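# Observations on the model geometry
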Amino acid sequence: MEKTKTINDYLNSYLLILNKSHQAFIYPYLKENDISYNQYGLILHIYRDEGSIQGKIASACGTDKCGASRSLRGLEDKELIIKKIDENNRRSYKLFLTEKGKKIVENMIEKEIQWENHVCDKMDIEKENLFKILNKACISSLELINNE
């Protein structure tokens, strides 16, 4: 039997600390733009894949459709996104950023790059190599939960 591990012997502990430190770093910029952390994930996805449908965005961001709908409505109220009816499915909406939304996301991406560069510089690892490692870890983790 394996000896008892301490809290810092688990990968999850490090990932939680990394996530919390990222949230603490990005929060002032989100607050400045009146965007919640959940809305931030959604608006970033729309930036990367404009014209995505609401359900696909919710799924990709790991949130339920009702929560995503509320968050997206907030972004729409702030005039950061617009919804357009999907011509192929009149019950679906495609989502797009407004010019105001694009400017905010582009400023936030600059902050993301600043955070990533700082973390990678301190680790003495190239960002691309770290991303490859993390991608493999994500794929492995998803395979585990999908096989159960």
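Heads up: the structure comes first, above all this text.
What comes next is a walk through the structure. (Residues numbered from 1 in each chain as written. Predicted model: local features only at pLDDT ≥ 70, side-chain atom pairs only at ≥ 80, totals over all residues. Heavy atoms only, no water.)

## What to know about the packing of aromatic side chains
As enumerated under the stated definition, the model contains two aromatic pairs in all. Where F25 meets Y29, the ring centres are 5.8 Å apart and the plane angle is 55 degrees; that geometry is what we call tilted. In this pair, F25 and Y29 are both assigned in helix α1 (residues 11-32), four residues apart and thus about one turn of the helix distant. For F25, a relative accessible area of 23% gives the class partly exposed. According to the relative accessible area criterion, Y29 is partly exposed, its value standing at 23%. (Phe/Tyr/Trp six-rings, centres within 6.5 Å; stacked < 30°, edge-to-face > 60°. Helix = DSSP H or I, 4+ residues; strand = E, 2+ residues; numbered from the N terminus. Buried < 20%, exposed > 50% of the residue type's maximum accessible area, 1.4 Å probe, protein only.)

## Observations regarding the packing of helix α5 (residues 99-123) against helix α6 (residues 127-147)
Packing of α5 against α6 brings their axes to within 10 Å, and their N-to-C directions diverge by 95 degrees. Classified by the angle between their axes, α5 and α6 sit roughly perpendicular to one another. Counting all contacts with α5, which are made through I113, E116, N117, C120 and M123, the residues of α6 involved are K127, L130 and F131. (Axes fitted to C-alpha atoms, helices over the stretch in contact; angles between N-to-C directions. Parallel < 35°, antiparallel > 145°, perpendicular 65-115°, else oblique. Contact = heavy atoms within 4.5 Å.)

## Quick look at the environment of K100
Structurally, K100 can be placed in helix α5. Residues K100 and Q114, 14 residues apart in the sequence, show an inter-C-alpha distance of 22 Å. Among all residues touching K100, those that are not within four sequence positions of it are K78, E79 and L80.

## Regarding the layout of surface pockets
Quantified by volume, the largest pocket comes out at close to 1500 Å³. Elements with a contribution of two residues or more to the lining of the largest pocket: α1, α2 (37-48), α5 and α6. Of the residues assigned to the lining of the largest pocket, the class counts are 22 nonpolar, seven polar and three charged. (1 Å grid on protein atoms, 1.4 Å probe; cavity = no way out; pocket = protein on both sides within 12 Å on 5 of 7 lines; lining within 4 Å. Points joined across faces, edges and corners; volume = space filled by probe spheres on them. Nonpolar A, V, L, I, M, F, W, Y, C, P; charged D, E, K, R; others polar.)

## A short note on the side chain of H22
By the element assignment, H22 lies in helix α1. On the accessibility criterion, H22 (10% relative accessible area) is buried. Beyond its immediate sequence surroundings of up to four residues, H22 is in contact with Y37, E112 and W115.

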